[in-house]
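The lines below spell out each chain.
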Amino acid sequence: MDGKRFPRGSEWRKWDLHVHSPASYINNFGNWDSYIKKLNEVTKKKDIKALGITDYFSIEGYEKIKTDYKDKLENVELILPNIEFRLDNIVYKRGTREPKRLNFHVIFSKEVSTQDIKTQFLGELHFYKSSGNAGELSKIKLDMSAIEVYGAECRKQADFKDDSDLVAGTKNIVFKIDEIVSVLKNKPEYFRRKYLLFLESEFWSDIDWGQDYGLRKTLLQVSHGVFNSNPNDIAWFLGKDKSSYADQQKF
């Protein structure tokens, strides 16, 4: 412990580990200069000391901030790369057949180089797209040009016709959680104890336990933390939800 820097010992600091950047493709934050100006204002006002710069299956935004804007965030002491993935798993809200997908995040330590993240992690992953047959997915090496090719297919549908090929592809591709976790665990020389896994869901307490029990259990056991602002979900995760659905789950 640095006694001069932290004379009072351990202290709580505010972190925001889920901050999307203009490089996230499907988010419109305007130009980089205005984005950084606003981010600096917010982090100073809320006294946020650490950020997880988040992009979909890339670290482009993280690299941009570290290279060009690090000194512009006056209150921030730590910046980490957060890579977001949409999972191929489909879950259903309790009492309905409304399908939902879950998102998953990998947050790396600042000790991991951007080159290693790109080559040893992202370079080993695949995305999955509909093959045209019911329930079947095609496995494609993760590459921006391949996403654009798929996006061109997706734009034939009315929902995506106004998107660019890259945006349309980004909205539709999915990843498998077992591959994400396996790549990290199979490369301990690069990643051991240098990453955290976060599950993102705003409807966790509404998922049908009867149909999706195995998936929910697996996701919770794999994850180190959860991104969630739903009061019902927060109560569930804190063990304060005493409903019959919460009581029957034993991990």
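Above this text sits the structure in question.
Everything in this summary refers to the structure shown in the same document.

Rules behind the numbers
- Counting starts from 1 at the beginning of each chain's written sequence and moves along it residue by residue.
- Local features in this predicted model are restricted to residues whose pLDDT is 70 or higher, and side-chain atom pairs enter the listing and the counts only when it is 80 or higher, whereas totals over whole chains, interfaces and linings include all residues.
- Heavy atoms throughout the structure, all of them, feed into the side-chain values; hydrogens and water do not.
- Helix and strand definitions here come from DSSP, where helices need a minimum of 4 consecutive H or I residues and strands a minimum of 2 consecutive E residues; each element is numbered from the N-terminal end.
- Buried residues are those whose accessible area, probed at 1.4 Å on protein chains only, stays under 20% of the maximum for their type, while exposed residues exceed 50% and partly exposed ones sit between those limits.
- Should any heavy atoms of two residues lie within 4.5 Å, those residues are counted as being in contact.
- Under the convention used here, a 1.4 Å probe and the Shrake-Rupley method define accessible areas, while residue burial counts only the protein chains that appear.
- Axis definition: a line fitted to C-alpha atoms, over the contacting stretch in the case of helices. Angles run 0 to 180 degrees between N-to-C directions.
- Roughly parallel means an angle under 35 degrees; roughly antiparallel means over 145; roughly perpendicular covers 65 to 115; every other angle is labelled oblique.
- The residue classification treats Ala, Val, Leu, Ile, Met, Phe, Trp, Tyr, Cys and Pro as nonpolar and Asp, Glu, Lys and Arg as charged. All others, Gly included, are polar.
- Patch membership requires over 30% relative accessible area and the absence of a salt bridge. Like charges are linked within 9 Å, and nonpolar side chains (Val, Leu, Ile, Met, Phe, Trp, Tyr) within 5 Å.
- For this document, the term salt bridge refers to a Lys or Arg side-chain nitrogen within 4 Å of an Asp or Glu carboxyl oxygen.
- Charged residues are defined narrowly, with Lys and Arg counted positive, Asp and Glu counted negative, and His plus the chain ends left uncounted.
- In this description, the location of a charge corresponds to atom NZ of lysine, CZ of arginine, CG of aspartate or CD of glutamate.
- Each residue after the first adds 1.5 Å to the expected span of a helix.
- In this description, the arc belongs to the directions extending from the helix axis to the C-beta atoms.
- To define a nonpolar core, start from buried Ala, Val, Leu, Ile, Met, Phe, Trp, Tyr and Cys residues and group those joined through side-chain atoms within 4.5 Å.
- Planes of paired rings set the category: under 30 degrees apart is stacked, over 60 is edge-to-face and the rest tilted, where pairs are Phe, Tyr or Trp rings (Trp by its six-membered ring) whose centres lie within 6.5 Å.
- Should DSSP find at least two bridges between two strands, the strands are taken to pair.

1. Side note on the overall build of the protein
Inference 1: Check the secondary structure of the protein and you find ten helices and eight strands.
Inference 2: When each of the 251 residues of the protein is scored for burial, the buried share is 45%.
Inference 3: The contacts of the protein with a sequence gap of at least 6 include a subset with a gap of at least 24, amounting to 67%.
Inference 4: Working note: accessible area of the protein is about 14000 Å², and carbon and sulfur atoms make up 47% of it.

2. A closer look at the side chain of Ser 223
Inference 1: Among the secondary structure elements, Ser 223 is positioned in the loop between helix H8 (209-222) and strand E8 (225-227).
Inference 2: Judged by its relative accessible area of 13%, Ser 223 is buried.
Inference 3: Excluding anything up to four places from it in sequence, Ser 223 contacts Phe 104, Leu 197, Phe 198 and Leu 199.

3. With respect to unusual backbone geometry
Inference 1: Even without a glycine there, the phi angle at Asp 47 is positive, about 55°.
Inference 2: Within the secondary structure, Asp 47 sits in the loop between helix H1 (32-45) and strand E2 (48-56).
Inference 3: Phi at Arg 193 is positive, roughly 60°, even though this residue is not glycine.
Inference 4: As for its placement among the helices and strands, Arg 193 is situated in the loop between helix H7 (188-191) and strand E7 (195-200).
Inference 5: Residue Arg 193 is classed as exposed on the basis of its relative accessible area of 75%.

4. Notes on the packing of H1 against helix H2 (residues 60-69)
Inference 1: Interaxial distance between H1 and H2 falls to 12 Å at its minimum, and their mutual angle equals 80°. It follows that H1 is roughly perpendicular to H2 by the angle criterion. Across the interface between the two elements, Trp 32, Asp 33, Tyr 35 and Ile 36 of H1 pack against Gly 61, Lys 64, Ile 65 and Tyr 69 of H2.
Inference 2: Partitioned by chemical class, the residues of the contact of H1 with H2 number five nonpolar, one polar and two charged.

5. Some words on a positive patch on the surface
Inference 1: A cluster of basic residues, Lys 14, Lys 38, Lys 45 and Lys 46, forms a positive patch on the protein surface.
Inference 2: Structurally, Lys 45 is set in helix H1.

6. Comments concerning H1
Inference 1: Here H1 contains 14 residues, and its C-alpha end-to-end distance of 20 Å stays within 8% of the 20 Å for a straight helix at 1.5 Å per residue.
Inference 2: For H1, the complete set of buried residues consists of Trp 32, Tyr 35, Ile 36, Leu 39, Asn 40 and Thr 43. The buried side chains of H1 occupy one side of the element, clustering within an arc of 135° when seen end-on. In this structure, H1 carries Asp 33, Lys 37, Lys 38 and Lys 45 as exposed residues pointing more than 90 degrees from its buried face.

7. Looking at the pattern of salt bridges
Inference 1: Enumeration according to the criterion identifies eleven salt bridges in this entry.
Inference 2: Note that Lys 49 is salt-bridged to Asp 47, the shortest N-O span being 3.6 Å.
Inference 3: Assessed through its relative accessible area of 38%, Asp 47 is described here as partly exposed.
Inference 4: Note that Asp 163 is salt-bridged to Lys 171, the shortest N-O span being 3.0 Å.
Inference 5: In this structure Lys 171 comes out as partly exposed when scored by relative accessible area, which is 33%.
Inference 6: Each of Arg 13, Asp 47, Lys 49 and Glu 77 takes part in one network of salt bridges that share partners.

8. Some thoughts on the nonpolar core
Inference 1: Ranked by internal contacts, the top residues of the largest apolar core, which has 57 residues, are Phe 57, Phe 85, Val 106, Phe 108, Phe 121, Ile 180 and Leu 184.
Inference 2: With residues up to four places along the chain from it excluded, the contact list for Leu 184 reads Val 106, Phe 108, Phe 121, Phe 191, Tyr 195 and Leu 197.
Inference 3: One finds Leu 17, Ala 50, Leu 78 and Phe 198 within the second-largest nonpolar core, a separate group that totals seven residues.

9. A look at the packing of aromatic side chains
Inference 1: According to the stated counting rule, one finds eleven aromatic pairs in the structure shown.
Inference 2: Judged by centre distance (6.0 Å) and plane angle (10°), the rings of Trp 32 and Tyr 69 are stacked. Here the residue Trp 32 occupies a position in helix H1, and Tyr 69 occupies one in helix H2, the gap between them amounting to 37 residues. For the residue pair Trp 32 and Tyr 69, the accessibility class agrees, reading buried in each case.

10. Remarks on the pairing of strand E5 (residues 126-130)
Inference 1: Burial within E5 is extensive, with four of its five residues counted as buried.
Inference 2: The sheet contact formed by E5 and strand E6 (residues 137-141) spans five bridges and is antiparallel. Across the sheet, the residue bridging to Lys 129 is Ser 138, located in E6.

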